[in-house]
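Here's the letter readout for the chains.
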Amino acid sequence: MSKRLGSRLREHAQETFPPDAQKGLRRFTMREAADLLRINQNTFRHHVSNLEGFPEGILEGGNRRSFSAEEMVEAQRVLLETGRIKPDEHPHRRAGEACQVVTIFNLKGGSAKTSTVAHVGQLLGLRGYRVLLIDLDSQASLTNLFGVTPELDPDMPTSYDLIRSEGPLPASDIIRKTNFPTVDLIPASMDIMEYEFEVALSFRHGATTFHSRIREALEPVLDRYDVVIFDTPPQLNFSVISALFASTGVLIPLNASMLDVMSLASFLGMASNLMGVVEAHAPEHGLNFVRVLITRYENTDGPQVQISSLLRTVLGDAVLPAEFLKSTAVGDAANTQQSIFEVEPRDVNRRTYERAIESVSRVTDEVEREILKAWGRSHGA
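About the cut-offs
- Residues numbered from 1 in each chain as written.
- Predicted model: local features only at pLDDT ≥ 70, side-chain atom pairs only at ≥ 80, totals over all residues.
- Heavy atoms only, no water.
- Helix = DSSP H or I, 4+ residues; strand = E, 2+ residues; numbered from the N terminus.
- Rg over C-alpha atoms; globule rule 2.2 N^0.38 Å.
- Buried < 20%, exposed > 50% of the residue type's maximum accessible area, 1.4 Å probe, protein only.
- Contact = heavy atoms within 4.5 Å.
- Areas by Shrake-Rupley, 256 points an atom, 1.4 Å probe, with all protein chains shown as cover.
- Lys, Arg positive; Asp, Glu negative; His and termini not counted.
- Charge placed at Lys NZ, Arg CZ, Asp CG, Glu CD.
- Pairing = 2+ DSSP bridges.
- 1 Å grid on protein atoms, 1.4 Å probe; cavity = no way out; pocket = protein on both sides within 12 Å on 5 of 7 lines; lining within 4 Å.
- Points joined across faces, edges and corners; volume = space filled by probe spheres on them.
- Nonpolar A, V, L, I, M, F, W, Y, C, P; charged D, E, K, R; others polar.
- Axes fitted to C-alpha atoms, helices over the stretch in contact; angles between N-to-C directions.
- Parallel < 35°, antiparallel > 145°, perpendicular 65-115°, else oblique.

- Looking at an unreviewed UniProt entry, one finds the protein named Plasmid partitioning protein RepA and attributed to Albidovulum sediminis.

Set out below in structure tokens:
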């Protein structure tokens, strides 16, 4: 069964994304571009016609103008250089502002960790942040979502090569460009499981430095990015501990069910003990935020509404105000190895699509607010 299924999946991957092919990204309407750049649509239209150097996009269907993600990056640069936006309104961090490193983690499987990482990371990228996504899950779902298939290329370096005990590679040799111009990826493969055995064996020789491996490996490249986000497996293993040690924030995706809440209680106790160990090794290390994100949420489901209310009553502001709604648009997009930002809106029910986009935007607003707060910027997302 494994051979048959594996063979068919490899064929499908080669048909969908041949080894020499690159995943594309759709163009965005003027309205979408203006919203992503936080500009009034009339103002955006005025810049297109009158501001020198501002991208003009292309006309489609005679009167509909569209823009690529690269053109939106260029538009943001022109707006900054011409003083149309203030420096503290530009998403790139400035001197004295540390790269924000966020681990998305929960011991419970099926909590939408990968979907959260992909959609929040991509939207931050579309808003102009320089983002690095790092896949630490041996299932490599995030990696596959970007059309990257390490199993088809045995020489492709992955996150394991970043932290392996013998001859780790520099992060710059592992980072891959994606179809989002401001989003890079460190892919994963099954090899990442080898790290767990290596660390366990190293304890025999008294080694205790595994927790700092990822932080040290990323240090040479952090100046390229504003935000780094880890996608993690549903286990508190050595690579996850190392990611937490490297992080400035933690986001815990959680389904609004009693079983998941019970699991969360156990996880928080374990995480508390873990952070105590981290602080013992590095007293200066701290987290700017730890937040819970309710995922796969249906506001018409009575039990979910009750559990959500319970969480907010008990944990207060630790629970993000926005929920990641359950959406057929997100699920259908994933089935074709796409995110909601990659599908053509005309191919999806408009109302379903808009609800999904609004949900992802609200969640990303909250994460962005935490980033800006950590940088000491006063304005909200």
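1. Topic: the overall build of the protein
Next, step 1: Across its full length, the protein holds 15 helices and 11 strands.
Next, step 2: By the compact-globule yardstick of 21 Å for 381 residues, the protein fits well, its C-alpha radius of gyration being 21 Å.
Next, step 3: In terms of overall dimensions, the protein has C-alpha extents of about 70 × 50 × 45 Å along its principal axes.
Next, step 4: Within the protein, buried positions represent 50% of all 381 residues.
Next, step 5: Counted over contacts in the protein with a minimum sequence separation of 6, partners at least 24 positions apart contribute 76%.
Next, step 6: When the accessible area of the protein is evaluated, it comes to approximately 18,500 Å², of which 51% is carbon and sulfur surface.
Next, step 7: Looking at the protein, you have 40 positive and 50 negative side-chain charges, and the mean spots of the two groups are 4 Å apart.

2. A short note on the sheet that holds strand 1 (residues 28-29)
The strands that make up a sheet pair up through hydrogen bonds in the backbone, lying either parallel or antiparallel.
Next, step 1: Reading across from one edge, 1-3-2 is the order of the three strands in this open sheet, with antiparallel pairing throughout. The open sheet has two edge strands with one neighbour each: strand 1 and strand 2 (58-60).

3. A few points about the sheet that holds strand 8 (residues 227-231)
Next, step 1: Taken together, the eight strands give an open sheet; going across it, the order is 6-7-5-8-4-9-10-11, and neighbouring strands pair in mixed fashion. Of all the strands in the sheet, the pair left with one neighbour each is strand 6 (176-177) and strand 11 (324-325).

4. Here we look at empty space enclosed by the protein
Next, step 1: Counted by the stated rule, this structure contains two cavities of 30 Å³ or more.
Next, step 2: The computed volume of the largest cavity comes to approximately 40 Å³.
Next, step 3: In terms of residue count, the dominant contributor to the lining of the largest cavity is helix 4 (residues 69-81) (four residues).
Next, step 4: Within the lining of the largest cavity, the residues separate by chemical class into six nonpolar, three polar and one charged.
Next, step 5: Roughly 30 Å³ of volume is contained in the second largest cavity.

5. A word on the packing of helix 5 (residues 113-126) against helix 15 (residues 350-374)
Next, step 1: For the pair helix 5 and helix 15, the least separation of the axes is 9 Å and the interaxial angle reads 70°. Overall, the two elements helix 5 and helix 15 adopt an arrangement that is roughly perpendicular. Note on element contacts: helix 15 touches helix 5 through Val-360, Ser-361, Val-363, Thr-364, Val-367, Glu-368 and Ile-371, opposite His-119, Val-120, Leu-123 and Leu-124.
Next, step 2: Among the residues forming the contact of helix 5 with helix 15, the class breakdown is seven nonpolar, three polar and one charged.

6. What about the pairing of strand 3 (residues 64-67)?
Next, step 1: Across two bridges, the pairing between strand 1 and strand 3 is antiparallel. Its bridge partner being in strand 3, Thr-29 is matched across the sheet by Ser-66.
Next, step 2: Direction of pairing for strand 2 relative to strand 3: antiparallel, over a ladder of three bridges. Bridging from a neighbouring strand, Leu-59 pairs with Arg-65 of strand 3.
Next, step 3: In this structure, the hairpin formed by strand 2 and strand 3 is closed by a connection of three residues, where Gly-61 is found at a positive phi of approximately 70°.

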